[in-house]
Every structure is written in structure tokens, then in C-alpha cells.
Amino acid sequence: MRIARFSIDGNVGYGVVEGEGPEGLVLDIIKGIPYADFELSGTKVPLSKVRLLPPVLPNKIVAFGRNYREHAAELGNEVPDVPFAFLKPSTSLVGTGDAIAYPSFSEELHHEAELAVVIGRMCREVPRERVKDVIFGYTCANDVTARDVQRREKQWARAKGFDSACPLGPWVETELDPSDVTIQCTVNGQQRQLGRTSEMVHSIEDLIVNISEAMTLLPGDVILTGTPAGVGPLNVGDEVAVTIEGIGTLTNKVIKRG
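Now for a description of the structure that goes with this document. Remember, predicted model here, so these are calculated numbers, not experimental data.

Conventions adopted
Going along each chain's sequence as written, the residues are numbered from 1 onward. Totals for whole chains, interfaces and linings use every residue, but because this is a predicted model, local features are given only for residues with pLDDT of at least 70 and side-chain atom pairs only at 80 or more, for both listing and counting. Think of the side-chain values as coming from all heavy atoms in the structure, minus any hydrogens and water. Two strands pair under a simple rule: DSSP has to find at least two bridges between them. Starting at the N terminus, helices and strands are each numbered in turn, a helix being any DSSP run of H or I of at least four residues and a strand any DSSP run of E of at least two. We call Phe, Tyr and Trp rings a pair once their centres come within 6.5 Å, taking the six-membered ring for Trp, and we label the pair stacked below 30 degrees between planes, edge-to-face above 60, and tilted otherwise. Think of it in three bands: residues with accessible area under 20% of the maximum for their type are buried, residues over 50% are exposed, and the middle band is partly exposed, with areas taken using a 1.4 Å probe on protein chains only. A ring has a charge above it when a Lys NZ or an Arg CZ is no more than 6 Å from the ring centre and no more than 35 degrees off the ring normal.

## As for the sheet that holds strand E10 (residues 109-111)
Consideration 1: The antiparallel open sheet is built from three strands, whose spatial order is E13-E10-E18. The strands lining the two open edges of the sheet, one partner per strand, are strand E13 (145-146) and strand E18 (232-234).
Consideration 2: As paired strands, E10 and E18 are joined by three bridges and run antiparallel to one another. Pairing of Leu 109 across the sheet is with Leu 234, part of E18.

In C-alpha cells, the structure reads:
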């Protein structure tokens, strides 16, 4: 099931995306919120008539770095023995079709295509065998990074936490098997990244067990699972697209920060 968050005529809601193809997609509007049992209203709106928003409103975005060996190597880093986590603020979130604003304090912006896990219930200290029970679904993410700032500063709050540094979307797929799906990133139609989730050093179970030992996860929280090799520069005017098999495509254009 594909769950989208949308805006139409100033109203914000959730809906189930039905149909196939650009012209055949419609939203069946949900009564209430999608994390609990919900009913479909039966009111259907063509997807082309709404604005898709970030599919969730997370309390926090937990990202894991260096979780693909070839990506760690391309930046000259060692693969960590245990998952390596950092936080991105909720204010970094934008949806598909929204702009990535090139930060004024950077001269080297990079894309990082990632599978994002959306948490569906409040949880902490999750045992490995219960991880699937706390997952709501999966979506596409771009962990946009000011690479020069990341190298220069000892922590990554500015490099990875600036406004628009976390595009997410287009919707949440609740029925995906994430163990071995393709992750692809293109810039202006040219392929930059191509990997598979089976190449992760630490599995989704590893990541959620690790972070839930330290903090409570809430419905809508987002876990970014790392990026495959091929990260590279973004420039003003570029269109970057992250496509994950079984989910869809997240597309954003880079603009000059005004």
C-alpha cells in the first residue's frame, strides 16, 4: 500500500495511492492518520490535482553513515564496526517536487540516495525479532550533504542539517521487502549511483536495534540507512532523482538559496 501526504486547496491530509502510470494515479483520502487503523473515505482525487508533501512529519530523522563499503572507500573512510548514527532536524525535510536550496556557506553540495525506513509505533530497546513489527513502511530519501563543510567541521549538523537537506518521498510503501532492492540516483537524467540494499554493511535490523537502545522512536520517525557508492556534486539548476525499486521516484531541483 502506498501512503501519501498531500495538500489540496489549502487542506492537508493522507491518502492511499491507487492505479499505475502518471495519468492513472489517484488518491483515496484517508479518514484520520495512517499509523493506526484507518478507513478510506471513498473520495478519490487524481494525483495530478494535489501537491505531494513529505510523506511523514518525523519527530526526528536518524541517519546512518558509511553503511556501504564502496561508498566509505570512495571518501577515504573506514567502515565502522558498529552502526554510525547522526541526526538531521525535521526542518531539513522537503517533499518530491520541492527545491533543494544550495546553502550559501558551501561550495560542494553532494547527493546521497538512500532507502528510508518509517517507524509506525512508539518503541525503544527493540529486540531483533520484533523490528518488523515497529516498521510502518519505506520511502526514498536524499541525504544531501555540504561535503566541504562536512570535511571542515568536526560534527555534521550544518553539513547535513541545513534547510532542504532531506528530500523524502514520493510516498511510503508499506508492503516492500527491503532486503535486496535497487537504489538509483540520476542527475539531469544521467546515472550517478546504482546499488542494492543487500550491500548494506549493517542491516535494517542492526540499525533499529542500535538506535532504539539509545532513544525512543515515535510514529513517523525516519531512519536513513546509508548510501551506495557514486555520490557526487550538485549544481544550481540540476534535477536530481532517487529511484528505489518497489517504491517510486523522488525528484528535486537545485536552486540558489534566496
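What follows picks up the thread again.
## A short note on the packing of aromatic side chains
Consideration 1: Following the criterion strictly, the structure yields four aromatic pairs and no others.
Consideration 2: Aromatic pair Tyr 35 and Phe 136: ring centres 5.1 Å apart, planes at 65 degrees, arrangement edge-to-face. Of this pair, Tyr 35 sits in the loop between strand E3 (26-31) and strand E4 (39-46) while Phe 136 sits in strand E12 (residues 135-142); the two residues are 101 residues apart in sequence, bridging distant segments of the chain.
Consideration 3: Relative to Phe 162, the ring of Phe 105 lies with its centre 6.3 Å away and its plane at 80 degrees, an arrangement referred to as edge-to-face. With Phe 105 in the loop between strand E9 (99-102) and E10 and Phe 162 in the loop between helix H4 (157-161) and strand E14 (166-173), the pair connects residues that are 57 residues apart, well separated along the chain.
Consideration 4: Looking at Phe 105, the relative accessible area reads 25%, which means it is partly exposed.
Consideration 5: One aromatic cluster is present, built from ring pairs that chain together Phe 84, Phe 86 and Trp 156.
Consideration 6: Here Arg 66 stacks its cationic end above the ring of Phe 84, 5.2 Å away from the centre of that ring.

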